[in-house]
Amino acid sequence: MQNERLRAVMASVGWTHAALASATGVDPKSVERWVNLGRTPRRATALRAAEALGEDVHALWPALRQARAARAVSPELVGLYDQRADLPVSVFVDLLAAARERIDVLVYAAVFLHEAYPRLNDLLRERAADGCAVRIAVGDADSENVQQRGREEQFGHGIESRCRLALMHYRPLADVPGIELRTHGTTLYNSLYRADDQVLVNAHVWGVNAYGAPVWHLRRQGAGGMFDTYADSFNAVWETAAPEKG
């Protein structure tokens, strides 16, 4: 089957088989097979040809529009839990206690941490005193996104109360050197608990309270991975958040 799209594009700009072959580093007979037999070149070769022709590579060779095979397990995935309730609070505490450079917490409330571990503020003070930069972002109870989350979870005004309670727990840290506290009104797709190059990601599922939603534990393995996706997300939310005074 001929590749009529490739034939038409080459004709419109005056490309011969030999000229396109020279531009892409292949034999002219290969180009002839692309055109007359509908053969699909290797991806790298196709990209060079499409760039030379000024055309979208997938328009010329739709077969290249195939998703890359999924990896069975990401090398960054340390653990996966069916729901947050499956994790002992010690998992969160131990993660934060091991931080040496950075702690980032992004939640709406997550008051379970203070309720189950009353020394949380002391731990964060200790980490900050040792030179760890601590950033905490909790939900703005007056935000429409927070209130909508309460309606979706059938939690009503309870989530707003928990946001205010979380802020009350964290407020004594607002003036501690090395610790920053902010409130945000973003749509929260995941709660994040980061310590250096590790992060616990608590997914948010429509109609499900966070304690019943999955958690994955990631460890950074290099630039551009899953860990960086969530780290960048935290930074984006942080830029929108309002500083909280003690």
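What comes next is a walk through the structure. For every chain, the first residue of the written sequence is number 1, and numbering continues from 1 onward in sequence order. For a predicted model such as this one, the threshold for reporting local features is a pLDDT of at least 70, and the threshold for listing and counting side-chain atom pairs is 80 or more; totals across whole chains, interfaces and linings nevertheless cover every residue. With hydrogens and water stripped out, all remaining heavy atoms of the structure feed into the side-chain values.

Helix and strand definitions follow DSSP, with helices as H or I runs of at least four residues and strands as E runs of at least two, each counted in order from the N terminus. The helix and strand tally for the chain stands at 11 helices and eight strands. Expected size for 246 residues packed as a compact globule is a radius of gyration near 18 Å; at 26 Å, the chain overshoots this value by more than 25%. Only protein chains enter the accessibility calculation, which uses a 1.4 Å probe. A residue is then buried if its area is under 20% of the maximum for its type, exposed if over 50%, and partly exposed in between. With 246 residues in all, the chain has 43% of them scored as buried. Whether two residues are in contact is decided by their heavy atoms, any of which lying within 4.5 Å being enough. Relative to all contacts within the chain whose residues are 6 or more apart in sequence, the contacts with residues 24 or more apart total 67%. For the accessible areas, the method is Shrake-Rupley and the probe is 1.4 Å, while residue cover comes only from the protein chains on display. Carbon and sulfur atoms make up 51% of the accessible area of the chain, which totals about 13000 Å². If the 28 positive side-chain charges of the chain are averaged to one point and the 30 negative ones to another, these points end up 7 Å apart. For this measure, only C-alpha atoms enter the radius of gyration; the expected value for a globule follows 2.2 Å times N^0.38, where N is the number of residues. Charged residues are defined narrowly, with Lys and Arg counted positive, Asp and Glu counted negative, and His plus the chain ends left uncounted. A charge is said to be at NZ when it belongs to Lys, at CZ for Arg, at CG for Asp and at CD for Glu.

Simply put, an axis is a line fit to the C-alpha atoms, just over the touching stretch for a helix, and the angle between two N-to-C directions goes from 0 to 180 degrees. Interaxial distance between helix α1 (residues 4–13) and helix α3 (residues 28–36) falls to 7 Å at its minimum, and their mutual angle equals 120°. Considered as vectors, α1 and α3 are oriented oblique to each other. On the side of α1, the interface is formed by L6, R7 and M10, while α3 contributes V31, W34, V35 and N36. In the scheme used here, Gly and all other residues not listed as nonpolar or charged are polar, with Ala, Val, Leu, Ile, Met, Phe, Trp, Tyr, Cys and Pro taken as nonpolar and Asp, Glu, Lys and Arg as charged. Taken together, the residues of the contact of α1 with α3 sort by class into five nonpolar, one polar and one charged. The scheme is simple: roughly parallel for angles under 35 degrees, roughly antiparallel for over 145, roughly perpendicular for 65 to 115, oblique for anything else.

Paired rings are identified among Phe, Tyr and Trp, the last through its six-membered ring, by centres lying within 6.5 Å, and are further divided according to the angle between planes into stacked (under 30 degrees), edge-to-face (over 60) and tilted (the rest). Counting across every chain of the model gives five aromatic pairs. Ring centres of F92 and Y193 lie 5.0 Å apart, and the angle between their planes is 75°; on these two criteria the pair is classed as edge-to-face. With a gap of 101 residues between them, F92 in helix α6 (residues 89–97) and Y193 in strand β5 (residues 190–195) connect regions that are remote in the sequence. Relative to W238, the ring of F234 lies with its centre 5.7 Å away and its plane at 15°, an arrangement referred to as stacked.

We now examine the nonpolar core. Core analysis: the largest hydrophobic core is formed by 35 residues, its most contacted members being I103, L113, L124, I136, Y170, I179 and Y193. Broken down by secondary-structure element, the contributors of at least two residues to this core are α6, β2 (102–106), α7 (112–116), α8 (120–129), β3 (133–139), α10 (158–170), β4 (179–184) and β5. Counting residues per element, this core draws most heavily on α6, at five residues. For our purposes a nonpolar core is just a set of buried Ala, Val, Leu, Ile, Met, Phe, Trp, Tyr and Cys residues, chained together by side-chain atoms within 4.5 Å. Among the nonpolar cores identified, the runner-up in size contains 20 residues, and L188, W216, L218 and V237 belong to it.

This part takes up the packing of α6 against α8. To describe two helices that pack against each other, one gives the angle between their axes and the distance between the axes. It is at 10 Å that the axes of α6 and α8 come closest, and there the two elements cross at 20°. Comparing the axis directions of α6 and α8 gives the class roughly parallel. Pair α6 / α8 crosses with left-handed handedness. Packed against α6, whose contacting residues are V93, L96 and A97, the element α8 presents L120, L123 and R127 at the interface. Each helix crossing is assigned a hand: it is left-handed if the near helix lies turned anticlockwise from the far helix by less than a right angle, otherwise right-handed if that turn is clockwise.

Residues V73, L77 and L80 make up a contiguous nonpolar surface patch of roughly 280 Å² in combined accessible area. Within the secondary structure layout, L80 lies in strand β1 (residues 77–81). In this structure L80 comes out as exposed when scored by relative accessible area, which is 57%. Residues with no salt bridge and a relative accessible area higher than 30% make up the patches, which join like charges within 9 Å and nonpolar side chains (Val, Leu, Ile, Met, Phe, Trp, Tyr) within 5 Å. Note on definitions: salt bridges are taken to be side-chain nitrogens of Lys or Arg within 4 Å of carboxyl oxygens of Asp or Glu.

In the structure shown here, the tally under the stated rule is 13 salt bridges. With a shortest N-O distance of 3.8 Å, E4 and R7 are connected by a salt bridge. Taken as a pair, E4 and R7 lie in helix α1 at a separation of three residues, close to a single helical turn. Its relative accessible area of 46% is what places E4 among the partly exposed residues. Assessed through its relative accessible area of 31%, R7 is described here as partly exposed. A salt bridge links R171 to E244; its shortest N-O distance comes to 3.0 Å. With R171 in the loop between α10 and β4 and E244 in the segment after β8 (242–243), this residue pair connects regions lying 73 residues apart in the sequence.

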